[in-house]
Structures are given as C-alpha cells and as structure tokens.
Amino acid sequence: MPEKTLQFPNPRLLHDLYCGKEDNLAEVENALSVKLVTREDWLRVEGDDKAIDKVEALFNNLHHGRSHGMIVNNADFRNLLRAVANGQGKQMQGLYEKPLIIQVKNRSIVPRSINQKKYLQAIGKKDIVFGIGPAGTGKTYLAMAAAIDALLKEEVEKVILTRPAVEAGEALGFLPGDLREKIEPYLRPLYDAMYDILGRERSVKLIEREIIEIAPLAYMRGRTLPNAFIILDEAQNTTPEQMMMFLTRMGDSSRMVITGDITQVDLPSRISSGLKQAIRVLKGVDDISFVYLQGQDVVRHPLVQNIIEAYQRFTDERERNGKQEAE
C-alpha cells in the first residue's frame, strides 16, 4: 500500500495542528480511509494516492491558517477534515492561506468555513447584510465580532444589539422587575457573545457608557441611528412591520447585520415572518447582501450538525409525503 511521510518543523507544531487529540487522528483515518502513524515531528500516511493527497491538503491548510494567526481547535480541525473529505480542499485553501482575521482583545477570530468567510467579507463591504442559517453557524457571533472590531477601529461610534422579545409578546411592561430585569433573559445570547469576545468587565464599562446598547426591538421605534453598527438577532421572529421599522432606523454612516433562522419561526401561525418577507422584497437591492449558512457551517459540538441534518431530512421527507398525499 502506498505511503508518505509528512515532515513538520518541530513536534510542537504537529501536535498543535491536530490539537494533541488522538481522537482527531482517528477521525482522519475513518473519514479518509487511511492509516496514520505519528512520532515526534513526522506523520506517516498509508492509503491510496488520493487519500494521501487529502491528508496532506488537510495538514497544509491547517499549517497555513496557523501561520496567519489562527489557533486550531477541535471544531476547526473537524470542519476542515469534513470539507477535505467532501472534495472541497482547494476551496478551503483560500480560507486558510489568506484568512480573514478579526483581532479583538489579544485573540484572533477567524471564520471556520467558506460560507462564514463570505459572510464576514459581505459585512465588510455592504451596508446591510442578512446572515441566514441554522443555530450554531456563527451568524450572531461573527456579526458581534465585526461590530466590536469596527468600534475599536473607530469606524463607528456605537454598537446597538437588538432582538424581538417574542416569548413575552414584547409586552414587557407586564413583566416583574425594572427594565434591565425585564429584558435581560431575552437578550442573554447577545450578552454571552459580547462577554466572550470582549470580556465581561470591558463589556460592562462600554454598556454603562452607552457605547454598546442592548435592547429589545420594540425600543428601536421612532429612533434614527447614525454612526452605529446595528445587529438585529433572531430576525425570523419579527413581523413584516417590525422589520420595515428596523431597517428604516438606519442613519448616516451606519451598518446593519440582520441574522435569523427561517426554519425556527416562533410567531403565531397567522403572522408572517418579517425576515422571510424581506428576503423576497429586498432581493437585488444594491448594497444589501444575503449570505446563507448551512448545516456544514455549524461550529458547535459535532453532534449539533448531525442533529440539524437529521431534522432537515425529517422535514424534507414529511414535505414530500404531504405532496404525494395531496396528489
């Protein structure tokens, strides 16, 4: 059986590329039908020629990414392995050879899939970007990272984060507690992302100075928002009226990112989703970009992608059966 030995500059580098996890090497063996043996600063690959080439492409891409500041983690490793196994190694090469890096608080935030890179590129070029896809694809987190990056570079004066409090029907006045206590449960995912990127202490200071504002969508009505980076999260739960209201808040020198999952609408069945309508209405409008993320872009636990794909197969099958019954 053909074999090839991949040589690395030092043992530490090789160790870091597969995160020091024997399970990751086992994943490579299973996904690419090869046998791997690693010692010190080399990795021997046994398999057919095409499989060996894929293993070499996998580690070359990881090495390129790391040399540009990316810290490889298990999710990065498995996402790239999945792409290489599916024949997307060359596409991923551009992602890792010239990664799009956001540097915040002494850490590098790098897109982990081709679609994530397209999403960040769109945010950098367009005034309004819609990021549409299932949970765990990094829609909100990457938008938050881009917003904080723009704030720290003084490209904007303020970051505004909002989402519809649909679980409470936005009738927040009927809930107990002060305003912060009323809205915090519905905005917790935004706080979590911000704390992870900036750190809790720095985030709190910026909120206290009103440089970062987190509020439910209902509190955007009647305002104009200039010189701001504005993120609307969970946009699938806006009504068409709320979506139009939000989009028309945009002021001079502002940018907007709207994120949502059109398969997870929590509105009553009689109410249309503002996000779904916006996709139809705004298609083709200059300076508005729609980026679609898929199950393969999920960056949470590997099981999350499997769960999303299983539900999608179930939904597709149910729709097919429904059409057959109707016919």
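In this text, all values refer to a predicted model and were calculated from it rather than measured experimentally. (Residues numbered from 1 in each chain as written. Predicted model: local features only at pLDDT ≥ 70, side-chain atom pairs only at ≥ 80, totals over all residues. Heavy atoms only, no water.)

Asker: Would you mind going over the sheet that holds strand S8 (residues 212-216) with me for this structure?
Answerer: Within a sheet, each strand pairs with its neighbour through backbone hydrogen bonds, oriented either parallel or antiparallel. The strand order across the open sheet formed by six strands is S8-S7-S9-S10-S6-S11, and the pairing between neighbours is parallel. If you trace the sheet from one side to the other, it starts and ends with S8 and strand S11 (288-292), each paired once. Across this sheet, the average inter-strand angle for adjacent strands is 15°, counted without regard to direction. Note: strand S6 (residues 128-132) against S11, five bridges, orientation parallel. For isoleucine 132, the partnering residue across the bridge sits in S11 and is tyrosine 292. Taken strand by strand, helix H7 (residues 139-152) contacts S6, strand S7 (158-163), S8, strand S9 (228-232) and strand S10 (255-260), and its axis lies near 170° from that of S9. Docked against the sheet, helix H10 (residues 240-247) engages S6, S7, S9 and S10, running at close to 155° with respect to S10. (Pairing = 2+ DSSP bridges. Helix = DSSP H or I, 4+ residues; strand = E, 2+ residues; numbered from the N terminus. Axes fitted to C-alpha atoms, helices over the stretch in contact; angles between N-to-C directions. Contact = heavy atoms within 4.5 Å.)

Asker: Help me out: how do you make sense of the pairing of S7 in this one?
Answerer: The side chains of a regular strand alternate, first on one face of the sheet and then on the other. For S7, the tally of buried residues reaches five of six residues, placing the bulk of the element in the interior. Sheet topology note: the S7/S9 ladder contains five bridges and is parallel. Note on S9: the bridge partner recorded for leucine 161 is isoleucine 231. In this sheet, S8 lies alongside S7 in parallel orientation, the contact comprising five bridges. Its bridge partner lying in S8, isoleucine 160 is registered against glutamate 213. (Buried < 20%, exposed > 50% of the residue type's maximum accessible area, 1.4 Å probe, protein only.)

Asker: Looking at this structure, I do not really get unusual backbone geometry. What am I missing?
Answerer: Most peptide bonds are trans, and most residues other than glycine sit at a negative phi. Look at cysteine 19: it is not a glycine, yet its phi comes out positive at around 60°. Position of cysteine 19 relative to the elements: it lies in the loop between helix H1 (11-17) and helix H2 (22-32). Although it is not a glycine, glutamate 154 adopts a positive phi angle of roughly 60°. Looking at the secondary structure, you find glutamate 154 in the loop between H7 and S7.

Asker: I would appreciate a short explanation of the packing of H2 against helix H4 (residues 74-85) in the present structure.
Answerer: A pair of packed helices can be characterised by two numbers: the angle between their axes and the separation between those axes. Running from N to C, H2 and H4 cross one another at 10°; their axes reach a closest spacing of 10 Å. Here H4 runs roughly parallel to H2, going by the angle between their axes. Here H2 contributes Asp23, Asn24, Glu27, Val28, Ala31 and Leu32 to the contact with H4, which in turn contributes Asn74, Phe77, Arg78, Leu81 and Ala85. Taken together, the residues of the contact of H2 with H4 break down into six nonpolar, two polar and three charged. (Parallel < 35°, antiparallel > 145°, perpendicular 65-115°, else oblique. Nonpolar A, V, L, I, M, F, W, Y, C, P; charged D, E, K, R; others polar.)

Asker: Whenever I open this one, the sheet that holds strand S1 (residues 3-7) confuses me. Can you help?
Answerer: Here three strands make up an open sheet; going across it, the order is S1-S3-S2 and the pairing antiparallel. On the outer flanks of this sheet lie S1 and strand S2 (35-39), each paired with one strand and no other. Neighbour to neighbour, the strand axes of the sheet diverge by 20° on average, direction disregarded. Across five bridges, the pairing between S1 and strand S3 (residues 42-46) is antiparallel. In the strand pairing of S3, leucine 6 is matched with leucine 43.

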